[in-house]
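# Close look at the chain arrangement
Residue strings, one per chain:
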Amino acid sequence: MSKEIVEKDILFEIKNLKKYFPVKGGVLQRTVGHVKAVDDVSFTIYKGETLGIVGESGSGKSTLGRTILRLLDPTDGEIIYNNEDISGLRQGKLRPYRKDMQMVFQDPYASLNPRMSVGELIEEPMIVQNTLSKPDRKKMVVDLLEKVGLGPEARGKYPHEFSGGQRQRIGIARSLSTRPKFIIGDEPVSALDVSVQSQVLNLMEDLQDEFDLTYLFIAHDLSVVKHISDRVGVMYLGRLAEIAPKDSLYDKPLHPYTQALIAAVPSTDVLNVREKTPLKGDLPSPSNPPTGCAFHTRCPKAHDRCKVERPELTHMGEEHYVACHLYTEPEPVVKVE
Amino acid sequence: MSNERILDVKGLKTQFRIDKQKVAKAVDGIDFHINKGETLAIVGESGSGKSITALSIMQLIPSPPGKIVEGSIELDGVDLLGLSEKQMTATRGNDVAMIFQEPMTSLNPVFTIGTQVSEPLRKHKKLGKKEAKKQTIELLKLVGFPRAEDIFHEYPHQLSGGMRQRAMIAMALSCAPKLIIADEPTTALDVTIQAQILDLMLDMKKKTGSSILMITHDLGVVAETADRVAVMYAGQIVETSTVKELFVKPKHPYTVGLLNSMPKIDQDSERLESIPGMVPPAHNFPQGCRFAPRCKHAMDKCTEAVPDLIEDGLNHKVRCVLYDGSGKGVTHV
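Residues numbered from 1 in each chain as written. Chains lettered and ligands numbered in written order. Predicted model: local features only at pLDDT ≥ 70, side-chain atom pairs only at ≥ 80, totals over all residues.

A separate point is the environment of Glu78(A). All names here are of chain A. Take Glu 78: it is sitting in strand β4 (residues 76-81). Taking C-alpha positions, Glu 78 is 32 Å from Leu 132, a pair spaced 54 residues apart along the chain. With residues up to four places along the chain from it excluded, the contact list for Glu 78 reads Lys 15, Asp 85 and Ser 87. (Helix = DSSP H or I, 4+ residues; strand = E, 2+ residues; numbered from the N terminus. Contact = placed C-beta atoms within 7 Å.)

This is the structure in structure tokens:
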């Protein structure tokens, strides 16, 4: 949903975020290398917006989400939330922040404890946060169930009694129970059928308006991300290739990877059939990414410079940033912030 | 494309016994055909019976509890349901081949790609080892492996998902089957790899003139690959037409709802339409039209009896009382 964000208050500022996973090898299980799942990513998230992150498997989009929420500890970089850097806080110190930030996971079959009733599942985060009295919590559970379109009778039931779409509603109700300001959806609708997917997307939009939520919406489906986002970032092998307002990104993609990605989506427009040239090759291994621009091995426009020099995100006007040498002077690189 | 039918399915019913009282009618009386050189897509959500249709044709339904209880499946004039298990084994991989969704689980991890891709050639065409290897390497080159000789000796885990699906396609093509059934062939793949595989399948179809039955939940894949399409809901075909017709003039309220609930990359929509409720379980279908409880056009008549699949327009059939001659229809999109 595109709505005018009048004053752009910054909620999150991510600066040079890195998350490396060690690769162990040899008899002594020594660290022999790193998978650079998130490699020097910087961007901002504005209050009240939906920022979509798209990428293929192995692009680091899920790791990015988990690192921002501090479910994973960052290797380096800053996560500035409401003017405070939370990247180095110990878990105990993080607890007050946790209630502001929640996550909705992809697989509603795996992310809800099968031994807890729906009422307990939704109440649990409030008990942990210890903000409400018991009667208030019970009332809140009923409220939330109603908000996500399930009746109060759902309280006593268990997750297996619900369909995938209903479970995702339960997951959303649970994430809302601490009255968060920020929710990360990690592929929240990709396990659902089309007709149910649209129900959940509409619900998420309604709740965003009602509770003034800010979303970081991570998905591989470009059409879904386009539908729900205000701005969209494209990730490739741990790096941000391009980030721009939705319309600008989909109508005038600048990065050759974004262009290929958009062209690869099967179109239902049977009256205007486009001639396609699919991108060649496979995604390189994230543990051994290509030098220079990570995309140069598959890029139809790659030149010598792309093989050695890593492109920085460059401002192309109106909040459109792209990391590609096609848009920078040969040398020296002029960065426009 | 000719009008000669390569596959003719009539009145197919496949059921699964759940317990003494309950029977899941996964596929409940479907008719369709595929002409020579044609691609037919069967599209539907989970639980619609589309994959069971594919497995019924291959006769790979686990039995018990599953059973084909009625109907006929004719492949190039031969009724597959009348074949013995031995004859069916000779048919699978030879006359009709299947590409599965998960190339990770449908290839055997302990055999090399070469062994697996050449197996149908050795079994069905009785080729010697040397000849089979030569043809397999040709096949691997055909499906786009640049270093086919090396790939021949490699194991599935050494290949990426897209590469494995290429190997599966090579295997399916090896005996030049009359029909290829592809069950969600690109669902597990990333979008750029999906585009490569769909491109490859279209290319192979052009080169070999094979007929394809494409099973998918993705309307985008239907639009890009198929000539005709059948929409399945709750074990029945609710609408069938050419692909162009279906996307331009969808008729069944379910098809219309499905198209409108899909976010589209080349269109902006403020709000998606959604279909309330969910697909009914196969052991407990509602009385009458199975979509009626979710349909905004539903009326009393809908719950009386299952509507027939009615011809409405050229090669366009729809199972909905709105089209039974009163000439009303749905206003849509």
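Still more to cover.
Residue and element names in this part refer to chain B. The 4 strands are arranged β2-β1-β4-β5 in an open sheet whose pairing can be described as antiparallel. The open sheet terminates on both sides in strands that have one partner only, identified here as β2 (23-35) and β5 (78-79). For strand β4 (residues 66-75) and β5, the ladder comprises 2 bridges, and the chain directions are antiparallel. Note on β5: the bridge partner recorded for Leu 75 is Val 78. (Pairing = 2+ DSSP bridges.)

Take the UniProt feature "domain: ABC transporter" (unreviewed entry) in chain A next. The UniProt record marks residues 12-262 of chain A with the feature "domain: ABC transporter" (unreviewed entry), using the residue numbering of this structure. Strand forms 29% of residues 12-262 of chain A and helix 37%; the C-alpha atoms that close the span are 27 Å apart. (UniProt positions renumbered as here; feature names shortened; annotations may be inferred.)

Residue and element names in this part refer to chain A. Along its sequence, chain A is organised into domain 1 (10-100 + 180-281) and domain 2 (118-178). Using C-alpha coordinates to define each centre, domain 1 is positioned 26 Å away from domain 2. Contact residues are listed per partner, giving 12 residues for domain 1 and 12 residues for domain 2. Among the elements that line the side of domain 1 that touches domain 2, the one with the most residues is helix α6 (residues 194-211), at 6 residues. In the side of domain 1 that touches domain 2, the residues fall into 10 nonpolar, 1 polar and 1 charged. (Domains from an automatic or database assignment. Nonpolar A, V, L, I, M, F, W, Y, C, P; charged D, E, K, R; others polar.)

Residue and element names in this part refer to chain B. Helix α8 (residues 191-208) packs onto helix α7 (residues 161-173) with a crossing angle of 15° between their chain directions and a minimal axis gap of 10 Å. Classified by the angle their axes make, α7 and α8 are roughly parallel. Between α7 and α8 lies a crossing of right-handed hand. Here Gly 161, Gly 162, Gln 165, Arg 166, Ile 169 and Leu 173 of α7 come into contact with α8, specifically with Ile 193, Gln 196, Ile 197, Leu 200, Met 201, Met 204 and Thr 208. (Axes fitted to C-alpha atoms, helices over the stretch in contact; angles between N-to-C directions. Parallel < 35°, antiparallel > 145°, perpendicular 65-115°, else oblique. Left-handed = near helix turned anticlockwise from the far one by under 90°.)

All names here are of chain B. Direction vectors running N to C along helix α4 (residues 113-124) and helix α5 (residues 129-142) enclose 115°, while the axes themselves pass 9 Å from each other. The two elements α4 and α5 cross, and the hand of that crossing is right-handed. Side by side, α4 and α5 meet where Gly 114, Val 117, Ser 118, Leu 121 and Arg 122 of the first sit next to Ala 132, Lys 133, Gln 135, Thr 136, Leu 139 and Leu 140 of the second. Here the contact of α4 with α5 is built from residues that sort into 5 nonpolar, 4 polar and 2 charged.

Each partner contributes to the interface: chain A provides 35 residues, whereas chain B provides 39 residues. Contributing elements (two or more residues each) for the side of chain A that touches chain B: α6, α7 (222-228) and α9 (256-264) of chain A. By residue number, the principal contributor to the side of chain A that touches chain B is α6(A), which donates 7 residues. Class assignment of the residues belonging to the side of chain A that touches chain B gives a composition of 17 nonpolar, 12 polar and 6 charged.

As a further point, take the pairing of strand β1 (residues 10-25) of chain A. Residues and elements named next belong to chain A. When β1 meets strand β2 (residues 30-46), the two strands line up antiparallel, connected through 13 bridges. Paired with Tyr 20 across the strands is Lys 36, a residue of β2. What sits between β1 and β2 in their antiparallel hairpin is a turn of 4 residues, with Gly 26 showing a positive phi close to 75°. Across 5 bridges, β1 lies against β4 in antiparallel orientation. Paired with Lys 15 across the bridge in β4 is Glu 78.

Once that is clear, we can look at helix α3 (residues 118-129) of chain A. Residues and elements named next belong to chain A. Those residues of α3 lying buried are Val 118, Leu 121, Ile 122, Glu 123 and Met 126. Where α3 is buried, its residues meet α4 (134-147) and α5 (164-176). Asn 130 occupies a position one or two residues after α3 and carries a positive phi of about 55°. (Buried ≥ 20, exposed ≤ 12 C-beta atoms within 10 Å, placed from the backbone.)

Turning our attention to unusual backbone geometry. Following Ser63(B), the chain continues to Pro64(B) via a peptide bond in cis, the omega torsion being -10°. Considering the arrangement of structural elements, one finds Pro64(B) in the loop between α1 (50-58) and β4. A positive phi angle is found at Glu319(A), which is not glycine, with a value near 65°. With 14 C-beta atoms packed within 10 Å, Glu319(A) lands in the partly exposed category. Residue Ala234(B) is not a glycine yet carries a positive backbone phi of 50°. If you trace the backbone, Ala234(B) turns up in the loop between β9 (228-233) and β10 (236-242).

Glancing now at the environment of Ala188(B). Residues and elements named next belong to chain B. Tracing the backbone through its elements, the reader meets Ala 188 in the loop between β7 (179-183) and α8. For Ala 188, a count of 19 C-beta atoms within 10 Å puts it in the partly exposed group. For the pair Ala 188 and Gly 162, spaced 26 residues apart in sequence, the C-alpha separation works out to 9.1 Å. Excluding anything up to four places from it in sequence, Ala 188 contacts Gln 101, Glu 102 and Gly 161.

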